[in-house]
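Geometric and topological summary
What follows is the residue order along each chain.
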Amino acid sequence: MDPTFLTIAELNRLYGQRELSPVEVTRALLDRIAAHDGKLHSFIRVTPEAALAEAQAAERELMAGRRRGPLHGIPYALKDIVETAGIPTTGHSKLCHNYVPAADAHLVTLLKSGGAVLMGKLATWEFALGGPSWDLPWPPARNPWNPDYLPGGSSSGAGAAVAAGFVPGAVGTDTGGSIRGPAAVCGIAGLKPTYGRVSRRGVFPNTFTMDHCGPLARSAEDIALFLQVIAGFDAEDPGSEDAPVPDYAAALTGSIKGLRLGLVEHWYAHGAHPDLPPAMSAAVEVLRGLGAIVEPVQLSSLRDYTDCKTTISIAELYAIHEKDLKTRPQDFGRILRNRVLPGALIRAEDYVQALRWRTVLAREQAMALKQFDALLTAGALGVADPADPNQPDRLVSVPSITMPFSVGGLPAIAIPCGFSRAEGLPLSLQIAAAPMAEPTVLRIAHAYQQATDWHRRHPDLR
Amino acid sequence: MRTDLSHLPPSSPEEIRAMTCRAGLDLPEELMQQFIAAWPAFEAMVRRIPRNLDRAAEPAHSYRPLRIVRS
């Protein structure tokens, strides 16, 4: 049996029936990575010996009837800003080329306890912001649907590796859309959980007040299974929320009848890829067909959300990287350097005003979520960008459709909802809900995927 | 009444150099030229931030002493 595109849920079932073993799956996926990642560069480092050892341990326990949870024996990979004891963690940067952490990030500890099988560390934009860059020690990852295109960022390797069938799930991080963006342009699912839902301890910081860790996988069901293992309170993460972790899979009832969904159409109605609005309209009709009540809702502009988020981010980023920018600025990639240096000229009052504005914008979303169970919009404004080193930097010039829910700290998932006609590249739907309402987000995404098959389409890597 | 600073003229390359110097950065000329090209978009962004928020509007972070004690 070829396990390449089996989901985490399917692997669990096949492990339970003893029709497939973690070692078989791990070997098959390692072979696939070896055969194809030379074109995609999704991994910075593959860890085959450790992966096989973890797979063998999982296999022994599963055969003995000791199942640790939904990721037991499941291969996964980590964005290379997540610290791993004894395994280099580079941030895809020359600055951390030889950095080997002494301890695992908290979420890695949880994944190890859950018996998951780490396959390696994944490409990212430099320090989860500067990319795509061609002047770093490792090349930028490419999009499995067409390697002439990029997989988005900053969890670029995670998006590419999951879409390519190298791993069924991966951990990414999302400050302004770095999980949802790659998920959107790679045709997979990616969840930015509520701020504080998943511990950030042991993960390179980007923006303390907006950093989130979360899963990328090929279905909403797999996202639920992955989140179950990594969600929870961590007293050593000052942003962590001490809230109970529900049974996420139990929320996947398949029914969304009567749910009220607010459609933020004005964010993508103008200036988006021409195939996006029709794809979104079709997705809305599917949801209506499932019994949801979809009505338009108006929020502030993407420009406002992007300005607010980016001002906060670059001020915090500069504080994080100030020492290195003053002593070895040439060791940063050009894109990261020119995105972070502006933080040196942000005044204290600019930063505080942006933080005050964030409260206003977040309250606007909270008000909308008193009327609606969830908000719908696009997962990206277009398809993947071409892999062109001469593309202008658009961090500030082009507003982001993922940043609003970063500003709000809300749970938001991107799932595929079609393909562009000209490029044949994925289009995406985004669903967000109130803080800690991951079950609602996952319930809607799962119901949509029960009625559609976009998530079952995969790139051909031949 | 204006609610932001977007009416201000963009900083000149000389002003950007001076601000960068005051921030304690001593960039090689090539990197300084890149930064001078990059800054105007960020400057325009920061100037679009509204300045007319209510006096009592709180920033979106708060100090929670219990969390510090617990960690």
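The paragraphs below set out a description of the structure included in this document. All chains use their own residue numbering, which begins from 1 and follows the written sequence. Written order determines the labels here, with chains lettered from A and ligands numbered from 1. Where totals are concerned, whole chains, interfaces and linings use all residues; where local detail is concerned, this predicted model gives features only for residues with pLDDT of at least 70, and gives and counts side-chain atom pairs only at 80 or more. Hydrogen atoms and water are omitted, and side-chain values are computed over all heavy atoms in the structure.

This next bit is on helix 7 (residues 220-230) of chain A. All names here are of chain A. Most of helix 7 sits out of view: 9 of its 11 residues are buried. Only protein chains enter the accessibility calculation, which uses a 1.4 Å probe. A residue is then buried if its area is under 20% of the maximum for its type, exposed if over 50%, and partly exposed in between. To qualify as a helix, a DSSP run of H or I must reach at least 4 residues; to qualify as a strand, a run of E must reach at least 2; elements of each kind are numbered from the N terminus. Every buried residue belonging to helix 7 is among Ala220, Asp222, Ile223, Ala224, Leu225, Phe226, Leu227, Val229 and Ile230, and all of these are buried. Directly beyond the C-terminal end of helix 7, a positive phi value near 145° is found at Gly232.

Residue and element names in this part refer to chain A. Between N-to-C directions, angles cover 0 to 180 degrees, with each direction set by a line fitted to C-alpha atoms, over the stretch in contact for helices. As a packed pair, helix 2 (residues 22-40) and helix 3 (residues 48-63) sit with axes 8 Å apart at the nearest point and diverge in direction by 160°. Relative to helix 3, helix 2 is oriented roughly antiparallel. Considering only the axes of helix 2 and helix 3, their crossing is right-handed. Here Pro22, Val23, Glu24, Thr26, Arg27 and Leu30 of helix 2 lie close against helix 3, whose contacting residues are Pro48, Ala51, Leu52, Ala55, Gln56, Ala58, Glu59 and Leu62. Taken together, the residues of the contact of helix 2 with helix 3 sort by class into 9 nonpolar, 2 polar and 3 charged. An angle counts as roughly parallel when it lies under 35 degrees, as roughly antiparallel when it exceeds 145, as roughly perpendicular when it falls between 65 and 115, and as oblique in every other case. By convention, the crossing between two helices is left-handed when the near helix turns anticlockwise from the far helix through less than a right angle, and right-handed when the turn is clockwise. Any pair of residues with heavy atoms lying within 4.5 Å of one another is described as a contacting pair. Put simply, Ala, Val, Leu, Ile, Met, Phe, Trp, Tyr, Cys and Pro go in the nonpolar bin, Asp, Glu, Lys and Arg in the charged bin, and everything else, Gly too, in the polar bin.

Turning our eyes to something else, we now look at the packing of helix 4 (residues 106-113) of chain A against helix 7 of chain A. All names here are of chain A. One way to put it is that helix 4 packs onto helix 7 with a least axis distance of 8 Å and a crossing angle of 110°. In terms of their interaxial angle, helix 4 and helix 7 are classed as roughly perpendicular. Residues Leu107, Leu110 and Leu111 of helix 4 form the contact with helix 7, whose participating residues are Phe226, Val229 and Ile230. When the residues that make up the contact of helix 4 with helix 7 are grouped by side-chain class, the tally is 6 nonpolar, no polar and no charged.

So, about the sheet that holds strand 2 (residues 75-79) of chain A. All names here are of chain A. The mixed open sheet is built from 11 strands, whose spatial order is 1-3-2-4-6-5-10-11-9-7-8. The open sheet has two edge strands, strand 1 (43-46) and strand 8 (293-296), and neither has a second partner. Direction aside, the axes of adjacent strands within the sheet are offset by 30° on average. Strands are treated as partners if at least two bridges between them are detected by DSSP. Relative to strand 6 (residues 212-217), strand 5 (residues 189-192) is paired through 2 bridges, and the arrangement is antiparallel. In the sheet register, Gly190 faces strand 6, and the bridge partner there is Leu216. Packing of helix 2 onto the sheet brings it into contact with strand 1, strand 2 and strand 3 (117-122), and relative to strand 3 it is tilted by some 20°. Where helix 4 meets the sheet, it contacts strand 2, strand 4 (169-174) and strand 6, and its direction lies at approximately 175° from that of strand 2.

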